[in-house]
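Structural overview
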Amino acid sequence: MPRRALTQMAWLCAALAAPALTACDQPELWPVPAAEADGGRLPSTRDMAAPPEAGLAAPPRRYTLRLNEAANPPLQLDMDRSEVIELLGAIADDTTLLELDPLPLLRNVMDTVKRACGEDWRRDDPDPVYDCDLTPLGRTFSRPGVPWQASPEFALVRLLTMTPANVLVEGTSIEFMQQLSDFANIGGGFSQILADTLQIERTDEIVPAEEAVRALKDHLIGSHPNTSPDGRLLITLGDVLADLAPLAQTLGPVPPHPGVLDPAFPPRARVIGPDFRMQVTAESNIRVMEGVLAATGRDVTMVLQTPDRRPAQTPLRFDFNDPEDFQVLGLVDTPVADLRFRILEHPKFVPACLEAPEGCQNNGPNRPIGDDTVWTLDRWTLEYIVGFAALTRYEALVHEQCYVSCALARVAVGRDGTPPGFARFGVAFDLGPSDQFVWELINEVVQVGLHGPDARDRAEGEANVAFTVTDIPVGITGPQAAEAVRPLLVRQASGISDFLLGDFRARSGAVDFYFRRASDGRPVLQFVAPEDLPPTRRFTWATPGFFADAALTDKRSATDLPGMADTAHEKLIIEPGERAYFIEDAAGVRWQITVFGSFPGADVVDIEVAPVDPQEAR
C-alpha cells in the first residue's frame, strides 16, 4: 500500500477506530489521565473485567470520571487515482460526482452527424449530393454487403438535413400537391409552398437541430430510469475512474426502455489526466466520554458531538464547498468521449391523425387520439422524438397564403377556428391532402424518407439507428466539472462519512451513563440512548434516567432541559455536594448512584455505585 494511503489508514484507525477498513489493527483509545484513587490506571474496553466484589452483595465502588474535550485531529487525504480507487472504490459506483446536462453533448453529436455525409444539403437544390465517404463517421455507415446509401445511419442524416429545397414526399399524403404545384409552377413550386407554410427558409432544416436535441434529452434520455427526472446524466466516481466505460451498462437497455447507449460498445473518455489528485480535509465529530456500567465498572464510549457540543449527525464533518478543504485537480481541460448512441423506431408506419371520430384537432402528447398515431407510442421511439421536436418548433404556427387565387390553392395554418399548427390545404376540386397538424405531416414525411416509398429501401422496424461518434466534447470543461462536484458531494457527505468510519460505535465500551459537558457548558451525567449503541445492539433499558427513589417513581433527570440542544438523552445536571440517585440497568437490576459534585463547571466528578436491595426497590 502506498505510504500516503498508509498514513490515511493510520488516521482512520488510530484516531477514529474505523472497523470498516480491514487494514486497521485494534486502535488505542485516547489517553486519559490516571486517577490516584484507582491505583493510577483507567480500565479500557479490552482489559477491564468485572471486579471480584461485583454483585448484589458487593460494597460500593467509587470511580472518578474526567472530561477530555480535545477534538480528534482532522482527516487529511491527498490521493492519486489509484489511492482513490483503493480507499473509496467500494462506494465509487454509488457516489454521484456530476449531474451532466446532456444538451451540449447532444448538440456536438448532432452537428457531427449532420456533417457526416458532406454539407451540400445546405444548398437550394433538390439534390443534396450526399457522400458519406467524405468523413470518418460517414465511412462507418458501410457494412459488408450494405453500402452507406442503404444504412439506417444515412437515413438519419437525411432526416436531420431535410429542407424544403430537398424534401422527398413521394408516398405521403402530400405527394399530389407537390406534383401539382411543381407541374403548374404554383407559388414558385412545392419547395416554396412548404417553406411558406412552415415560415422557414428553403434551406432551413424542417426538423431544427435545437428542437431535435431537446426532444432527445427529454424523451430518449429523460425516460431512461438511470437518469435524473429532468434528463441529466448521473456520472459517478466509478464512471470517472473507469473513463466512463460503465455508462454502457448504466444507460443501456433497462426494459422496457431500449437504452440510450449500445452496451456492446463501452464508451471511452478522456476525463482524468496523469496528474489527477483528490484532496479532502474533514473534521471529526467523534468525542470519547468516560462512563460507568453499574454492574461492571468504568469504561469509555464514543459519541457524536459538534464543536459547540451539539448533537452531530455524522462522524466526519466535510466542507466540500471550501476550496481549502476539498479540491479535485488534474481533470482534462476539455473532456471528450467516444460514444455509440442508438435510437429505435416503431415497428409499424405511424400515420398522421386524419379522420378520427374524436377530432384530430385535439390530438396531442397529453391526449392521444386514435390507436396508432404518434402520441400513442413510447416516448423513446424515433417517431415520437421527431414528432415532439416538430411540435416544439411549430406549435405556435399561424399562417395563411393563397396562390394565384384562393380558389386555386390556399394554405391556412391555425385559421378558420383551428388551433395553431393545424393545416388546411385548400386545393381546387379537393385534390389536396387532408387537414392535419404540420408536425404529424412532417413525421409522415420523415418516415417515408427513412424507408423510401412503400418501404422499398428498408422495411418498417429496420431503420433503427446506431452511430459511433469519437472525440465528442462532453459539454463541460475540467474546471467546471471540478466545481460542479461540490454541491453533489455535500448531499452525499453523510454516506461517505459512514463508509469511511464504518460502525465506530462497535469500539465503544458498554456503559449505562457517561460524563459530558452539555451544549450550554454545564456538566451532566447523560444516560445512554439508542443512538449511542451500534446497530447490532438492541436498547434494553426499560426505565432510562436518574431517579430520587429506588422504586423509580421520582425522576430527577430530563430529556429536554432549558439551554441544552440535546433532547434524545436523559440528562442529570451535576450540582456541588453529595447527592444520591437510582438507576435501572439494561438487565433490569437497580443501583444507587451517589454523585460527588465539586464546583460548578468542574471537569471531574466522583461516582459511587452500590447495588440496591431488591426489597428496597419495591
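A brief report on the enclosed structure follows.

Thresholds, definitions, all that
- Residues numbered from 1 in each chain as written.
- Predicted model: local features only at pLDDT ≥ 70, side-chain atom pairs only at ≥ 80, totals over all residues.
- Heavy atoms only, no water.
- Helix = DSSP H or I, 4+ residues; strand = E, 2+ residues; numbered from the N terminus.
- Contact = heavy atoms within 4.5 Å.
- Polar contact = N/O pair within 3.5 Å; in protein donor to acceptor, adjacent residues only side chain to side chain.
- Axes fitted to C-alpha atoms, helices over the stretch in contact; angles between N-to-C directions.
- Parallel < 35°, antiparallel > 145°, perpendicular 65-115°, else oblique.
- Left-handed = near helix turned anticlockwise from the far one by under 90°.
- Nonpolar A, V, L, I, M, F, W, Y, C, P; charged D, E, K, R; others polar.
- Pairing = 2+ DSSP bridges.

Within the secondary structure, Tyr394 is located in helix 11 (residues 382-394). Sequence spacing of Tyr394 and Gln199 is 195 residues, and the spatial spacing of their C-alpha atoms is 9.2 Å. Beyond its immediate stretch of four places on either side in the chain, Tyr394 contacts Leu198, Ile200, Glu205, Ile206, Gly421, Val438, Trp439 and Ile442. At a separation of 2.7 Å, a polar atom in the side chain of Tyr394 contacts the main-chain carbonyl oxygen of Ile206.

The geometry of helix 8 (residues 209-221) relative to helix 11 is characterised by a closest axis approach of 8 Å and an angle of 125° between their N-to-C directions. Comparing their axes, helix 11 and helix 8 come out oblique. As helix 8 runs across helix 11, the sense of the crossing is right-handed. Two secondary-structure elements touch here, helix 8 through Glu211, Ala212, Ala215, Leu216, His219 and Leu220 and helix 11 through Tyr384, Ile385, Phe388, Ala389, Thr392 and Arg393. Its residues placed into classes, the contact of helix 8 with helix 11 shows 8 nonpolar, 2 polar and 2 charged.

Read across the sheet, 4 strands follow the order 1-20-19-18 without closing on themselves; strand pairing throughout is antiparallel. What marks the edges here is a single partner per strand, and that holds for strand 1 (61-66) and strand 18 (577-584). In this sheet, neighbouring strand axes are inclined to one another by 25° on average, regardless of whether the strands run parallel or antiparallel. Note that strand 19 (residues 590-597) and strand 20 (residues 604-611) share 6 bridges and pair antiparallel. The residue bridging Trp591 from the neighbouring strand is Pro611, located in strand 20.

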